[in-house]
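# Structure assessment
In case you want the letters, here they are:
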Amino acid sequence: QVQLVESGGGLVQAGGSLRLSCLASGNTFNTYVMAWFRQFPGKGREFVGGISTTGDTSVPDRMRGRFTVSRDNAKKTLYLQIDSLKPEDTAYYYCAAKTGYLSTAAGAFSSWGQGTQVTVSS
């Protein structure tokens, strides 16, 4: 099972940008489908973007244009670029990994990072 460590969260003003990173352990990162989820207090995890092993990405319509998912297999790193940040983007962001096909369901992912907090001030 791959180990994942997120970084890049923090406090940002509305309208700003942030890039989250997720570093994977081992040498099999390129075989994993990867995704980002976020979680609001008291809520379940919400899919915000994913990427297949071949680089195909999926981002929910309401986030498209502001959320960009990418991966660098040589660096074993997954990225989430968030632009035009809004206060309602404030949440804990997690990266996740699975084998097989990309899914938007949190329960389909077998490996999770510890998360990173993103706080957007108005």
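Here's a quick rundown of the structure.

Once that is clear, we can look at the side chain of Thr116. Mapped onto the elements, Thr116 comes out in strand 11 (residues 116–121). There is a polar contact of 3.2 Å between the side chain of Thr116 and the backbone nitrogen of Gly9. Contact partners of Thr116, with chain neighbours within four places excluded, come to Glu6, Ser7, Gly8, Gly9, Leu20, Ala91, Tyr92 and Tyr93.

What follows covers the sheet that holds strand 8 (residues 77–82). Judged by pairing direction, the sheet is antiparallel, and its four strands sit side by side in the order 1-3-8-7 without closing on themselves. At either end of the open sheet lies a strand with only one pairing partner, and these are strand 1 (4–7) and strand 7 (67–72). Across the sheet, the axes of successive neighbouring strands diverge by a mean angle of 15°, strand direction being ignored. Of the strand pairs in this sheet, strand 3 (residues 18–24) and strand 8 are connected by six bridges, and their pairing is antiparallel. Note that in strand 8 the partner of Leu23 across the bridge is Thr77.

A few words now on unusual backbone geometry. Positive phi is not limited to glycine here, since Lys76 has a value of about 55°. The topology assignment puts Lys76 in the loop between strand 7 and strand 8. The partly exposed category is assigned to Lys76, whose relative accessible area is 25%.

Counting across every chain of the model gives one disulfide. Disulfide pairing is shown between Cys22 and Cys95; the S-S distance is 2.0 Å. Handedness here is read from the sign of the S-S torsion; for Cys22 and Cys95, about 55°, the answer is right-handed. Linking Cys22 in strand 3 with Cys95 in strand 9 (residues 91–98), this pair joins segments that are 73 residues apart in sequence. A residue is classified by how much of its surface remains accessible, and Cys22, at 0% relative accessible area, is buried.

A separate point is the pattern of salt bridges. Enumeration according to the criterion identifies five salt bridges in this entry. Residue Arg62 pairs with Glu46 through a salt bridge whose shortest N-O separation is 2.4 Å. Of this pair, Arg62 sits in the loop between strand 6 (57–58) and strand 7 while Glu46 sits in strand 5 (residues 45–51), and the two are 16 residues apart along the sequence. Look at Arg62 and you get exposed, because its relative accessible area is 58%. Here Arg66 ties to Asp89 by a salt bridge, and the two come within 2.7 Å at their closest N and O atoms. You can see Arg66 sitting in the loop between strand 6 and strand 7 and its partner Asp89 sitting in the loop between strand 8 and strand 9, a full 23 residues away along the chain. Residue class for Arg66 comes out buried when judged on its relative accessible area of 14%. Residue class for Asp89 comes out buried when judged on its relative accessible area of 1%.

Analysis parameters
Residues numbered from 1 in each chain as written. Predicted model: local features only at pLDDT ≥ 70, side-chain atom pairs only at ≥ 80, totals over all residues. Heavy atoms only, no water. Helix = DSSP H or I, 4+ residues; strand = E, 2+ residues; numbered from the N terminus. Polar contact = N/O pair within 3.5 Å; in protein donor to acceptor, adjacent residues only side chain to side chain. Contact = heavy atoms within 4.5 Å. Pairing = 2+ DSSP bridges. Axes fitted to C-alpha atoms, helices over the stretch in contact; angles between N-to-C directions. Buried < 20%, exposed > 50% of the residue type's maximum accessible area, 1.4 Å probe, protein only. Disulfide = S-S within 2.5 Å. Salt bridge = Lys/Arg side-chain N within 4 Å of Asp/Glu carboxyl O.

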